[in-house]
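Residue-level listing of the chains:
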Amino acid sequence: MAQCASKVVILATGGTIVSSGASATQMTGYSIQGLGVDDLLSAVPMLADAARVEAAQVSNIDSSSMTSKVWMTLARAVQDALDREDVSGVVITHGTDTMEETAWFLNLVLKSEKPVVLTGAMRPATALSAEGPLNLLNAVRIAADPRAAGRGVMIALNDVIVSARDATKTHPTNVATFRGPDLGMIGMIAGTHVEFIGRSDKPHTVETPFTLEALEAHVKAHGALPRVDIVYSHVDDDGVMVKAALAAGAAGIVHAGTGNGSIHEAALPALHEAAAAGVLVIRASRTGSGMTVEGLAEWQAAGFIPSGTLNPQKARVLVQLCLVCGVDAKDAFARF
Ligand code: ASP
């Protein structure tokens, strides 16, 4: 009850948490059919016990169709809320498909020590055992908790709190989907108990050089953040997708390589061509965990940058921010 002094702003963007199926047993193939932020709030009247809540709808989309433009609207709404003296923290409801990318983007761009927690659901609002309402209540509890400050942006679903930097969606349908492979969770929830057990050691929010103003100006002028393509390597990879990315005008290419960001010898000339043309080439790994580091001397000589512990989709966001904000990508991948 002491936490009721906290005010938490809930910003809704869409996702399964507001999706509807034809029956209580439909767990896939559902869609957003008119539910929104008001329905989220009315499903969880006990939110009032966790915090004073204020809510707004930012978008109402499936997160598989997330865009740079929605990111700008969302980031500005979050920053405005965080800048208010009466607000303790922000909760964002979001589809789980690209939640890790939005969370990571916000983690690098927002300028505040106040907690920001993304949550959602794997089962639609109409499903048997829909977990969205409890996830929302838990996210508000976290955002209202003074111990959550200074930890950067967090993802909280299914009683697990993971830092935005390390979280990834690991399962297409299971409610236990968000994890930080090899990197672990930073907290957990049991009943009404929120327990923090760690934090990411990497700089975030107020500690980064990325500014929302620069990103907004870019998106206003160009309609989107810079084109950065992810190219997934495989047996018989002949570099045709790298060439396609180049032809499409990519300013960066994240190569999701085999093993330690390895590159098929038949695809290497296309990546050399990209680097020679001034395109940033990042070597990430398709393995789903671990750390991508230096490989063949030839790759380093070509200027390919290893992604470290960032997965391909997180590496892509970091490249976009570096390009817009004029930050050295090699330095950024070493630091963030
Ligand atoms: N398709 C959904 C989305 O990302 C998946 C989810 O929310 O769980 O919006």
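Residues numbered from 1 in each chain as written. Predicted model: local features only at pLDDT ≥ 70, side-chain atom pairs only at ≥ 80, totals over all residues. Heavy atoms only, no water.

**Let's talk about the packing of aromatic side chains**
As a reminder of what qualifies: Between 30 and 60 degrees the pair is tilted, below 30 it is stacked and above 60 it is edge-to-face, where a pair is any two Phe, Tyr or Trp rings, Trp via its six-membered ring, whose centres lie within 6.5 Å. Numbered from the N terminus, helices here are DSSP runs of H or I no shorter than four residues, and strands are runs of E no shorter than two. Each residue's exposure class comes from its accessible area (1.4 Å probe, protein chains only) as a fraction of the maximum for that residue type: buried when under 20%, exposed when over 50%, partly exposed otherwise.
A full pass over the atoms with the stated rule returns 2 aromatic pairs. Plain terms: the ring middles of W71 and F105 are 4.4 Å apart, the flat faces sit at 10° to each other, and that makes the pair stacked. One end of the pair, W71, is in helix 3 (residues 68–83); the other, F105, is in helix 4 (residues 99–109), and 34 residues separate them in sequence. Like W71, the residue F105 is buried in the burial classification.

**Focus on helix 6 (residues 212–222)**
As a reminder, the rule being used: Directions drawn from the helix axis to the C-beta atoms are what define this arc. By definition, residues are in contact when any of their heavy atoms lie within 4.5 Å.
Among all positions of helix 6, only L212, L215, H218 and V219 are buried. Considered in projection along helix 6, the buried side chains sweep an arc of 125° and stay on one side of the axis. Opposite its buried face, helix 6 presents the exposed residues K220 and A221, each directed more than 90 degrees away. For helix 6, the secondary structure elements touched by its buried residues are helix 3, helix 4 and helix 10 (312–325). One or two steps after helix 6, the chain reaches G223, where phi turns positive at roughly 85°.

**Some points on the site of the ligand**
Note the threshold: Nearness here has a simple test: a residue counts as near a molecule or strand if at least one of its heavy atoms is within 4 Å of that partner. Here a polar contact is taken to be a pair of N or O atoms separated by no more than 3.5 Å, where protein atoms must pair a possible hydrogen donor with a possible acceptor and residues adjacent in sequence count only if both atoms sit in side chains. Working definition of accessibility: Shrake-Rupley area with a 1.4 Å probe, residue cover restricted to the visible protein chains. Cavity: a set of points on a 1 Å grid over the protein atoms alone where a 1.4 Å probe fits but cannot get out. Pocket: an open set with protein on both sides within 12 Å along at least five of seven lines, its lining residues, like those of a cavity, having an atom within 4 Å of a point. Should more than half of a molecule's atoms lie within 2 Å of a pocket's or cavity's grid points, that molecule is taken to sit in it. Think of it as three bins: nonpolar holds Ala, Val, Leu, Ile, Met, Phe, Trp, Tyr, Cys and Pro, charged holds Asp, Glu, Lys and Arg, and polar takes everything else, Gly as well.
Residues in close proximity to the ligand include G15, T16, D62, S63, G95, T96, D97 and A121, which together make up its full environment. Measuring from an oxygen atom of the ligand, one finds a side-chain N or O atom of S63 at 2.6 Å. With the chains in place, 93% of the 260 Å² that the ligand exposes on its own is no longer accessible. For the ligand, the cavity whose grid points lie within 2 Å of the majority of its atoms is the second largest pocket. Class assignment for the residues of the shell around the ligand results in 1 nonpolar, 5 polar and 2 charged.

**Topic: the sheet that holds strand 16 (residues 305–306)**
Selection criterion: Pairing between two strands is assigned when DSSP locates at least 2 bridges connecting them.
What the 4 strands build is an open sheet, ordered 13-14-15-16; its pairing is parallel. The sheet is open, and its two borders are formed by strand 13 (228–232) and strand 16, each paired with just one other strand. Where strand 13 lies against strand 14 (residues 252–257), 5 bridges are found, and the strand directions are parallel. Paired with I230 across the strands is V254, a residue of strand 14.

**Re the environment of D229**
For D229, the location among the structural elements is in strand 13. The exposure class assigned to D229 is buried, which follows from its relative accessible area of 18%. D229 sits 26 residues away from H255 along the chain, and the two C-alpha atoms are 8.4 Å apart. If we skip the residues at most four places from it in the chain, D229 touches A245, A250, G252, I253 and V254.

**A look at the layout of surface pockets**
The test is simple: Grid points are joined across faces, edges and corners, and a volume is the space filled by probe spheres set on the points.
Approximately 370 Å³ is the volume attributed to the largest pocket. Taken together, 26 residues make up the lining of the largest pocket; nearest its centre are S285, G288, S289, N311 and P312. Considering every element that reaches the lining of the largest pocket, the biggest residue donor is helix 10, with 3 residues. By volume, the second largest pocket is sized at about 250 Å³. T16, Y30, M122, K169 and P172 are, among the 18 residues lining the second largest pocket, the residues nearest its centre. Its residues placed into classes, the lining of the second largest pocket shows 5 nonpolar, 9 polar and 4 charged.

**Considerations on the environment of G259**
Mapping G259 onto the fold places it in the loop between strand 14 and helix 8 (268–276). Classification of G259 as partly exposed rests on a relative accessible area of 38%. Apart from residues no more than four positions distant in its own chain, G259 is found in contact with S285 and T287.

**Re the pattern of salt bridges**
We apply this condition: Think of a salt bridge as a Lys or Arg side-chain nitrogen and an Asp or Glu carboxyl oxygen that are within 4 Å of each other.
The final tally for this structure, using the stated rule, is 11 salt bridges. For D97, the salt bridge identified is with K169, shortest N-O distance 2.7 Å. Here K169 lies in strand 9 (residues 168–169) and D97 lies in the loop between strand 5 (89–93) and helix 4, a separation of 72 residues in the sequence. We classify D97 as partly exposed; its relative accessible area is 40%. Measuring nitrogen to oxygen at the nearest pair gives 2.8 Å for the salt bridge that ties R227 to D229.

**Topic: the sheet that holds strand 4 (residues 52–61)**
Keep this limit in mind: Each axis is a line fitted through C-alpha atoms, and for a helix only the stretch in contact is used; angles between axes span 0 to 180 degrees, taken between their N-to-C directions.
Sheet architecture is open: 8 strands sit in the order 4-1-5-6-7-8-11-12, paired in mixed fashion. Two strands lie at the open edges of the sheet, namely strand 4 and strand 12 (193–196), each paired on one side alone. Across the sheet, the axes of successive neighbouring strands diverge by a mean angle of 20°, strand direction being ignored. Where strand 5 and strand 6 (residues 116–119) come together, 4 bridges link them in parallel fashion.

Note that every value here comes from positions in space, so none of it alone points to a role or purpose.
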